[in-house]
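Tertiary structure, described
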Amino acid sequence: VFTSVDVLGGSLVTDANVNNSWELFNRLPGTMLTEFRQGTTSGKFSLRGFNGEGEINAVKLLIDGVPSNSNDGNMPYLDMIFPTDIAGIEVVRGTNDPRYGLHNIAGNANVSTRAGGNYGDVRASYGSFASRDVQAGFGIEKDGLSQNYFVGFRNTQGYRDHAQSEKATFSGKWFYGPDDGRYRVGLIARHYWNSAQEPGYLTLADARRDPGQSYGFTATDGGERLMNQVSAHLDADLGRDLYFTAKAYLNRIEDQRWVKFSAGVSQQERIVDETHYGVLSTLTWRAGKTALGNLSLEGGLSVERQENKSLRYNTIDRVRQAKTRDQDFDFDIAGVYAQAVLEPIEKLRIVPAYRVDSVGGAFTNNATGVPYAVNDYGLIRQPKLSVIYALTDTASLYGNWGRTFQVGVGAGAYKITRTTDLRPSINQGWEFGVKLTPAPWLDGRIAVWQQTASDEARRKLNDPANDAENVGRTKRRGLDVQVNARPAPKTGLWVAYSYQDSEITQADASLPASQGKEIDHIPHHLLSSGGEWQVTPELRLSAWLNAQTNYYLERANTAGTFGGYVLGNVGASWQVAKDVALDVQVKNITNRYYEYVWHDGTQSLHSPGDPRALYAAVHVRF
C-alpha cells in the first residue's frame, strides 16, 4: 500500500501504562485521541481530520486481520487487547487501500498480537489512583504446532470520584503448519469483560474549581460490557507463485450502560447486542517479469452479516420508567477488489486498484412491529491509483488517489422516514509525499493530503430513533511531517507533526449557519515527539510529549473552543537481572490540566483528564 503507513513495534508498547489500549495510538503520527473517560465508553482514536465523537467513525479496525468494528463503526473490540500481548500496530492513512470497504473511510488500523515462539512473559504494575494491572503471556511451539495464551486484569479507582473500573481478558491462539511451509491453519479465541462506573460530565465552572468531583445525580451511572471473538485462519502456497489466504470470524458484544449527562435530563439505560460474522479471502499471483515489467496481481472477497439489537429506556437510578427504543436490524455487506503492482522500470511502481461493495439488510421497529427495507445504495464503485518513484537510493516520491464511501449506520441505513433510496457518501482523496533517508541514522516523510465528501452524514448520538442527519459537502486537508533519528548508537529521537483543516463547503439546509465553518472536535495542530537513551546496558531512560490545539464544539462554531493541551511524560527501565526489569513512568509530569469537552445544545460539558500520575512495574521474561 503506497500511502502513509506507520508501524509501531511491540517493543514500544509492551511496557506502556495505559487504562485503555486506544491510548497507545498517541505514539503514531497523524492520529488523534478522543478521551471521553466515561466507564466502558472511554474513548477512541481517529485519522485524517475525522473526529472520534462516534458520529462518523472513519477507521476500519482489524485485530490479527479480523474486522473488529461495531455496527456504528466504533472500536470496542480494541479493549480486548492489552499492551503486553501486542506484536505490532499498523496504521494506513488515506483512501487508496482497496482491501477493506465498510468503515475504511480515512484509513485502517491492524493490531497484531504475538504468535509462535517459546516464551513466558509476566508484567505486574501498581500506580496512582490505586491502579493495579497484571498481564501474562505464554508461547509454546513444537513440531509445527504453536500455542499462545494471554490473560490480563486491570483495576483502577480512577482520578475522579465514581470512576472505578475493572476489566479482564483471556485469549488463546493455536496454529499449525508443516515444515515445508505449504500451508498454515489456525484458530484464535478471545473473551473480555469490563465493569465500570461513570463519573459524568461537569460544567465549565465546576471543572475548573474541582475537576476530581462527580455529581450526585451520576451515582448509579456505569455499565458492563462482554465481548467474544473467534476466528479461523488459513494461509496456503498453491504453487507457481500463487498464494491464498482466508479468515472466517464471529464477533459478539453485549453492552449495558446507564448514563445521565446533566441534572435536567433523564437517566438512560442503553443496551447493545450485536453478532457479526463473516469471511475474508485473497488470492495473489506473483507473475514476475512480463512484457509490461514485474507484475503481481491480487484479488479479494469479503462478506459480513450483522444481527443487531438496540434498546433504550428512561430510568431513575437504574429502574426502568419507559422504553424509548427497541430495534432489530440486520446489516449485510459484501465486497470484491482487484489490485495490480506493476514495475515497468526498476525505480517506478504503479498500483491501480478497484473495489466494489454492496449493502443489504432489513430493519424492524419492535415498538410498532413495522419492518423497513435497507437503502438500495447500488454498487459502490471505488477506483484507486498509487504511484511511487525512487529519485535516488535515499529519496522517493509517492502519490495516490482513491475513493472510499460512507453509508448509514443504525437506523440511518434503512428507509424509515423516506421512500426513496439514499446514495452513499463518496469520499475522494489524494496524497503527495516524499520519503527521505539522507543518512543511515535519519529518515522522514513529508506529505500533503486532501479528502472531500459528498452528502456527508453523521449519527445522532442521543437520538431515540437511532437515526442520522446530513452534514453536507465537506473538505478535509492537511500536512504530515515525520522525522526519526538515531544520532548516537544509544539514542533515538522521533517527531511527528500534523496540520489538519476541515470545512463544510456546502451546508445542509437543516443548519445553514454551518456553511463555511469547521467540523467540530478537530484541532488544527497535532504533535507527538519523544526520545530514548540507553544510559548503560541495564538502564534506559525515555521521555515523550503529546500536544494538540483547541477545537470547536459544534458545527456553527459559536460555542467557543476547548480541548488543547501539552502533556509530557518520562520513564525509566532498569534491567535488574537477565530476565527481570523494573519500570517507572510519570505521566503528565508537569501536572497540566486538560479535558475533553462537548456541547449538549445549551452548555459545554467537561471531562477532566488525569493529573500527574506515577506507575511502577516489574516485568519478568522466561
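One structure accompanies this document, and this report is about it. (Residues numbered from 1 in each chain as written. Predicted model: local features only at pLDDT ≥ 70, side-chain atom pairs only at ≥ 80, totals over all residues. Heavy atoms only, no water.)

With that settled, the discussion passes to the overall build of the protein chain. Looking only at helices and strands, the protein chain features one helix and 34 strands. The globule rule puts the C-alpha radius of gyration for 622 residues at 25 Å, and the 24 Å found for the protein chain is close to it. Dimensions along the principal axes, computed over C-alpha positions, put the protein chain at roughly 70 × 65 × 45 Å. Long-range contacts, defined here as pairs at least 24 residues apart, represent 64% of the contacts in the protein chain between residues at least 6 apart. (Helix = DSSP H or I, 4+ residues; strand = E, 2+ residues; numbered from the N terminus. Rg over C-alpha atoms; globule rule 2.2 N^0.38 Å. Contact = heavy atoms within 4.5 Å.)

Let us look at the packing of aromatic side chains. Under the counting rule described, the total for this entry stands at 18 aromatic pairs. Relative to Y372, the ring of F363 lies with its centre 6.1 Å away and its plane at 55°, an arrangement referred to as tilted. The buried category is assigned to F363, whose relative accessible area is 2%. The partly exposed category is assigned to Y372, whose relative accessible area is 22%. By way of ring pairs, the aromatic residues F36, Y201, F261, Y596 and W598 are connected into one cluster. Positioned above the aromatic ring of Y313 is the side chain of R320, whose terminal nitrogen or guanidinium carbon lies 4.0 Å from the ring centre. Here the basic side chain of R476 rests over the ring of F50, its NZ or CZ set 3.7 Å away from the ring centre. (Phe/Tyr/Trp six-rings, centres within 6.5 Å; stacked < 30°, edge-to-face > 60°. Buried < 20%, exposed > 50% of the residue type's maximum accessible area, 1.4 Å probe, protein only. Lys NZ or Arg CZ within 6 Å of the ring centre and 35° of its normal.)

With that settled, the discussion passes to the side chain of E431. Structurally, E431 can be placed in strand β22 (residues 425–439). Within polar-contact distance, the side chain of E431 engages the side chain of Y398 at 2.9 Å. Among residues more than four places away in sequence, those in contact with E431 are T3, S4, R48, R93, Y398, G399, N400, A447, V448 and W449. (Polar contact = N/O pair within 3.5 Å; in protein donor to acceptor, adjacent residues only side chain to side chain.)

Formed by 29 residues in total, the largest nonpolar core has its most connected members in F25, F45, I89 and V111. Among the secondary structure elements, those contributing two or more residues to this core are β3 (41–47), β4 (59–63), β6 (86–93) and β7 (107–113). When residues no more than four places from it in sequence are discounted, the contact partners of F45 are W22, F25, M32, L33, V59, M75, L78 and A109. Counting residues in hydrophobic clusters, the runner-up holds 14 residues, among them F329, V359, V374 and Y377. (Core = buried A, V, L, I, M, F, W, Y, C linked by side-chain atoms within 4.5 Å.)

Another point: the sheet that holds β4. Pairing in this open sheet of five strands is mixed, and the strands run β1-β6-β7-β4-β5 from one edge to the other. Looking along the sheet, the strands with just one partner apiece sit at the ends: β1 (4–9) and β5 (66–67). Where β6 lies against β7, seven bridges are found, and the strand directions are antiparallel. Bridge pairing in β7 places G88 opposite S112. (Pairing = 2+ DSSP bridges.)

Take R48: it is sitting in the loop between β3 and β4. For R48, a relative accessible area of 4% gives the class buried. Separated by 353 residues in the primary sequence, R48 and W401 place their C-alpha atoms 15 Å from one another. If we skip the residues at most four places from it in the chain, R48 touches S4, G30, R93, G94, A106, E431, W449, Q451, R476, D480 and Q500.

The next thing to look at is the pattern of salt bridges. Going through the model one piece at a time under the given rule, you end up with 40 salt bridges. Note that E469 is salt-bridged to R555, the shortest N-O span being 3.5 Å. Pair noted here: E469 is in strand β24 (residues 468–488) and R555 is in the loop between β28 (551–552) and β29 (561–562), with a separation of 86 residues, a long-range link. The partly exposed category is assigned to E469, whose relative accessible area is 23%. Within the structure, one salt-bridge network assembled from shared partners comprises D6, R48, R93, E431, R445 and D480. (Salt bridge = Lys/Arg side-chain N within 4 Å of Asp/Glu carboxyl O.)

Taken by themselves, the reported measurements are silent on function.
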